[in-house]
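Spelled out from the first residue to the last, the chains are:
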Amino acid sequence: MRHRLLLALPLLALPILTHAQTAEARVTAPAGARVFRLDGNGVTYALGVDDKGYLRPIHWGAAVAEGDPLAPPIVAEPSSFDPAPTVTAQEYPGQGEGLVTDPGIKVAFADGNRDLVLKYRSHRVDGETLTVELADISQPFFVTLRYTIDPATGVLARSASVRNGGKRPVRIDQIAAAVFTLPAGDDYRLSYLTGRHAAEWTLKDVPVTPALTAIESRRGLTGHANNPWFAIGKTGQTDEAHGPVWYGGLAWSGSFRISVAQDVLGRVRIAGGFNPYDFGWSLKPGETLETPVFYVGYSGHGMGEASRDFHAFQLTHILPEHARAKLRPVLYNSWEATTFDVTEAGQMALAEKAAAIGAERFVVDDGWFGARDSDRAGLGDWTVNPRKFPHGLKPLIDKVKGLGMDFGLWVEPESVNPDSDLYRTHPDWVIGFPGRPRTEARNQLVLNLARTDVRDHILGWLDRLVSENDIAFLKWDVNRRWTEPGWPGASPADQQRLYVDYVRNLYWILAELRRRHPALEIEGCAGGGGRVDLGMLRWVDEVWPSDNTDPSDRLAIQDGFTHAYTPAVMMAWVTDSPNWANTRVTSLDYRFLSAMQGGLGIGANLLKWQAEDVATASKWIAAYKTIRATVQRGNLYRLVSPEASASTSATMYVGRDGRQAVLFQMLHSSMWRDNPPAILPQGLDPARRYAVRMLGGGALPAGVPASASGAYWMATGLRAPLKGDFAGAAFVFEAL
Ligand code: GLA
């Protein structure tokens, strides 16, 4: 019998429904049994209180029927080396009773006790949210767990907060947002995203074994090396289109850790939250500490569906304007064309060229402020450089607006060059340990955003900059990680609050700036893709996935990126050839076809382009505008991964209303005798007829009919007869 049954709130402005097309979530807590379940989009997540009072995981996966017998499993003690409490999987275990898996929370009480045993205290259901309170068995120490399920995607949001109800501080050494448990099995595989600067977003996978795998950052910011995302599938069952996938992303932009390991009974334990490495928080009497949110989902139909559901969730629940967000305008950015050598005349000349090919936004990158002629000086001095812009930014902005574009500017608010007026005035504003050397990276130090004066200073100049100039867009960059993570002036017990307070203040600045300037759009950048996560995606409209703009490398980068994040935020620029990073030579057509698979930008030196290049670019930009809603908001099908095939790759985007779909086919290299198989589209409506055309114009390849049913296209496939190296084509399907 249910004592609460509450239906979904109609809070989605524009419903983006996924495979099961359900829009109802249920959070139920039947009386007596003390079992709670959250249901949405064919997914059931169930937990319950056992006879000893532990809060226990019961099920996370495909939906089970209403009234099915859900109960915490009975645990048999395998041996005296693994006593019952240590093998009882808990929803959020305290580090106590000899726990040997990663805890939800590990603390030290002021009397030296480090044994924390959390048991059920109460629960509440409000709409789609379940709240469960736990308490230690003897200390006034409380943990509140929150669970919310999204009806359309089945994505579950979990977080925790802890409260010290005692009279003395409690030291928190480790705290997760959530802990998850999957049933015993030796066939799980963990996928994660890794890389480094200019080579981000490589998808790797490893077997899940008793050897703990940690996906983590110890760098103060998310970092290029590990992204806070995971996906777990089953060997032999899970691929792009089939099999179970449990996945998730942590909404945190600082040092984080997601750990995955099999426990002694072969179950998979997943914990994610603040990185315990160098963490420490002295929780004062009466104080509460909130964790970030860990968003997780389940798909029974492979990695492709898992990403599509997660993308839909990001569009409707994470991105700043949710489903009302504007489509990404075609932007021009001058960084690769000019680097630091920006001048009013030079930027105006580029702006004329950019407008002529169809750009809608013109962005001046690094070099416009302070004494910024290289990366050695000026960072921190956010006043317009009078030599480069003698009349301020206004003449350039007026020119850009007169050309029909809006104006954007690069900023790096969190860093400072020691050679800057800001640093000379406030040498105490940077992170470091007093009296010890501080490592410089790109000749810069990290401003201590955890300080409220630094936070207010940054908001102050950004607010002035945006208020005094007609700025539609900021590219918010950060170009180094932390080293020597000290907070000069903070007490020894509170030093490590830096890891949390810095990130919270970063979000606070972004939130406040957006509140004061609702029309402002922001791009998140960290030397490329060094800070892309669900925490940042709440405050930025788009991200810069990588400084690597080689169009072929970019296909692999985009393939990895979209496993976790929506193409709606994934910017990609067409730049010059040979590419600056790897000297690869590619055609302008190929560069466009690669970049059009996300938010399109141009980063080439247009002053060097020939008339023919201008015509080619104009053609592709006009073509992109006819499909960008499908690319940015549609469902993505990774048909042939660039990682899986040495010669060809293909992606397909299907509009959510089913009216349009676009298939990109890319050839990396070929031998003259190659005869690659047809590419089979996915996601079309089998019963609907579609006309097909080549994106950018031109005749259909021989043998490809001008129209046919979705069933026909998906059964027989199609391909363009591409030859040589680095070639591409795109087919557009329009429902008739
Ligand atoms: C970082 C960014 C680049 C560019 C430079 C400017 O590397 O990722 O796109 O903005 O900084 O210094």
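Attention shifts here to the packing of aromatic side chains. Enumeration over the complete set of coordinates arrives at 34 aromatic pairs. Their ring planes at 10° and their centres at 4.7 Å tell us that Trp382 and Trp461 sit as a pair that is stacked. Separated by 79 residues along the polypeptide, Trp382 in the loop between strand 23 (361–364) and helix 5 (394–402) and Trp461 in helix 7 (residues 452–468) bring together distant segments of the chain. The same class applies to Trp382 as to Trp461, namely buried. Aromatic ring contacts, followed pair by pair, group Tyr45, Trp60, Tyr147, Phe180, Phe230 and Phe294 into a single cluster. In this arrangement the basic side chain of Arg554 is found over the ring face of Trp544, its NZ or CZ atom lying 4.5 Å from the centre.

Okay, the site of the ligand next. What surrounds the ligand is a group of 13 residues, the closest being Asp365, Asp366, Arg442, Lys475 and Asp547. Between Trp410 and the ligand, the recorded distance is 3.0 Å, taken from a side-chain N or O atom to an oxygen atom. In this structure, an oxygen atom belonging to the ligand sits 2.9 Å away from a side-chain N or O atom of Asp477. The fraction of the free accessible surface of the ligand (310 Å²) that becomes covered by protein chains is 96%. Taken together, the residues of the shell around the ligand break down into four nonpolar, three polar and six charged.

Moving on to the sheet that holds strand 35 (residues 689–694). Spatially, six strands are ordered 32-33-34-37-35-36 in an open sheet, and the strand pairing comes out antiparallel. Every interior strand has two partners, whereas the edge strands, strand 32 (635–640) and strand 36 (707–709), have only one. Adjacent strand axes in the sheet meet at a mean angle of 25°, parallel and antiparallel pairs treated alike. Summarising the sheet, strand 32 and strand 33 (residues 648–654) pair through five bridges and their orientation is antiparallel. The residue of strand 33 that forms the bridge with Asn635 is Val654. Seen against the sheet, helix 9 (residues 551–564) touches strand 32, strand 33 and strand 34 (660–667) and runs at an angle of roughly 130° to strand 32. Against the sheet, helix 11 (residues 611–633) makes contact with strand 32, strand 33, strand 34, strand 35 and strand 37 (727–735), and its axis sits at roughly 85° relative to strand 34, the strand it touches most.

What follows is about unusual backbone geometry. Going from Ser577 to Pro578, the amide bond is cis rather than trans, its omega being 0°. The backbone of Asp278 sits at a positive phi, close to 60°, despite the residue not being glycine. Mapped onto the elements of the fold, Asp278 is located in the loop between strand 18 (268–274) and strand 19 (281–283). Within the chain, Phe726 stands out as a residue other than glycine whose phi angle is a positive 50°.

Attention shifts here to the domain arrangement of the protein. Examined at the domain level, the protein breaks down into domain 1 (3–8 + 37–65 + 84–318) and domain 2 (639–735). For domain 1 and domain 2, the distance between their C-alpha centroids amounts to 39 Å.

Let us now look at the nonpolar core. Trp60 and Ile105 are the most contacted members of the largest nonpolar core, which has 187 residues in total. A total of 10 residues in this core trace back to one element, the largest contributor, which is helix 8 (residues 498–516). Counting contributing residues, this core receives three or more from each of domain 1 (3–8 + 37–65 + 84–318) and domain 2 (639–735). Apart from residues no more than four positions distant in its own chain, Trp60 is found in contact with Val43, Thr44, Tyr45, Phe180, Leu182, Phe230, Trp246, Tyr247, Ile270, Val296, Gly297 and Tyr298.

Burial along strand 30 (residues 571–574) is two-sided: Met571 and Trp573 facing one way and Ala572 and Val574 facing the other are all buried. In this sheet, strand 31 (residues 599–602) lies alongside strand 30 in parallel orientation, the contact comprising four bridges. Note on strand 31: the bridge partner recorded for Ala572 is Leu600. Handedness of the crossover joining strand 30 and strand 31 through helix 10 (residues 588–595) is recorded here as right-handed.

Turning to the pattern of salt bridges, a few remarks are in order. Evaluated as defined, the whole model comprises 49 salt bridges. Across the pair Glu360 and Arg628 runs a salt bridge whose closest N-O atoms are separated by 2.9 Å. Of this pair, Glu360 sits in the loop between helix 4 (344–357) and strand 23 while Arg628 is found in helix 11, placing the two residues 268 residues apart along the sequence. Relative accessible area serves as the criterion here: at 21%, Glu360 is assigned to the partly exposed category.

Moving on to the environment of Ala198. Topologically, Ala198 is positioned in the loop between strand 12 (188–196) and strand 13 (199–207). Its relative accessible area of 19% is what places Ala198 among the buried residues. In this structure the C-alpha to C-alpha distance between Ala198 and Pro545, which are 347 residues apart in sequence, comes to 8.8 Å.

Moving on: helix 7. Owing to its 3.6 residues per turn, the α-helix brings residues three or four apart onto one side. Here helix 7 contains 17 residues, and its C-alpha end-to-end distance of 24 Å stays within 8% of the 24 Å for a straight helix at 1.5 Å per residue. Those residues of helix 7 lying buried are Val454, Arg455, Ile458, Leu459, Gly460, Trp461, Leu462, Asp463, Leu465 and Val466. Residues of helix 7 that are buried sit in contact with strand 24 (406–411), strand 27 (473–476) and helix 8.

Within the protein, residue pLDDT values average 94, and 96% of them lie at 70 or more. Contacts for the low-pLDDT stretch residues 1–22, under 50 throughout, to residues beyond four places or in other chains number 60 contacts.

Turning next to the environment of Ala678. As for its position among the elements, Ala678 is in the loop between strand 34 and strand 35. On the accessibility criterion, Ala678 (38% relative accessible area) is partly exposed. For Ala678, the contacting residues outside a window of four places in its chain are Thr716, Gly717, Leu718 and Arg719.

The next thing to look at is the packing of helix 4 against helix 5. In the contact formed by helix 4 and helix 5, the axes pass within 10 Å of each other and the chain directions differ by 5°. With respect to helix 5, the element helix 4 is oriented roughly parallel. Along the contact surface, helix 4 presents Glu344, Gln347, Met348, Ala351 and Glu352, while helix 5 presents Pro395, Leu396, Lys399 and Val400. Looking at the contact of helix 4 with helix 5 residue by residue, the class counts come to five nonpolar, one polar and three charged.

Every buried residue of helix 5 is listed here: Leu396, Ile397 and Val400. An end-on view of helix 5 places all buried positions within 95° of arc, on one side of the element. Among the exposed residues of helix 5, those oriented more than 90 degrees off its buried face are Lys394 and Gly402. Where the residues of helix 5 are buried, they touch helix 4, strand 23 and strand 24.

Cut-off values and rules
Here, residues in each chain are numbered from 1, in the same order as that chain's written sequence. For a predicted model such as this one, the threshold for reporting local features is a pLDDT of at least 70, and the threshold for listing and counting side-chain atom pairs is 80 or more; totals across whole chains, interfaces and linings nevertheless cover every residue. The side-chain quantities take in all heavy atoms of the structure and omit both hydrogens and water. Ring pairs shown here join Phe, Tyr and Trp side chains whose ring centres sit within 6.5 Å, with only the six-membered ring taken for Trp; geometry is labelled stacked below 30 degrees between planes, edge-to-face above 60, and tilted in between. Helix and strand definitions follow DSSP, with helices as H or I runs of at least four residues and strands as E runs of at least two, each counted in order from the N terminus. Only protein chains enter the accessibility calculation, which uses a 1.4 Å probe; a residue whose area is less than 20% of its type maximum is buried, one above 50% is exposed, and one in between is partly exposed. Consider the ring centre and the ring normal. A charge sits over the ring if Lys NZ or Arg CZ is within 6 Å of that centre and within 35 degrees of that normal. Here a residue counts as near a molecule or strand whenever at least one of its heavy atoms sits within 4 Å of it. Polar contacts, as counted here, are pairs of nitrogen or oxygen atoms within 3.5 Å of one another; within protein the pair requires one atom able to donate a hydrogen and one able to accept it, and residues that are adjacent in sequence qualify only if both atoms are side-chain atoms. All accessible-area figures derive from a Shrake-Rupley calculation using a 1.4 Å probe, and residue coverage is judged against the displayed protein chains alone. Only Asp, Glu, Lys and Arg are considered charged, only Ala, Val, Leu, Ile, Met, Phe, Trp, Tyr, Cys and Pro nonpolar, and every remaining residue, Gly among them, polar. Strands pair, by our definition, only if DSSP identifies at least two bridges between them. The convention used is that axes are lines fitted to C-alpha atoms, helices contributing only their stretch in contact, and that angles between N-to-C directions extend from 0 to 180 degrees. By the convention used here, residues are in contact when the closest approach between their heavy atoms is within 4.5 Å. By convention here, the domain bounds are inherited from an automatic or database domain assignment. Throughout this description, the term nonpolar core refers to a set of buried Ala, Val, Leu, Ile, Met, Phe, Trp, Tyr and Cys residues connected via side-chain atoms within 4.5 Å. Whether a crossover is right-handed comes down to one check: with the strands pointing away from the viewer, does the path from the first strand over the helix to the second run clockwise; if it does, it is right-handed. One side-chain nitrogen of Lys or Arg within 4 Å of one carboxyl oxygen of Asp or Glu is enough to make a salt bridge. One fewer than the residue count of a helix, multiplied by 1.5 Å, yields its expected span. Per residue, pLDDT captures the predictor's confidence, and it can take any value from 0 to 100. Just so you know how the angles are binned, under 35 degrees is roughly parallel, over 145 roughly antiparallel, 65 to 115 roughly perpendicular, and the rest oblique. The arc in question is traced by the directions running from the helix axis to the C-beta atoms.

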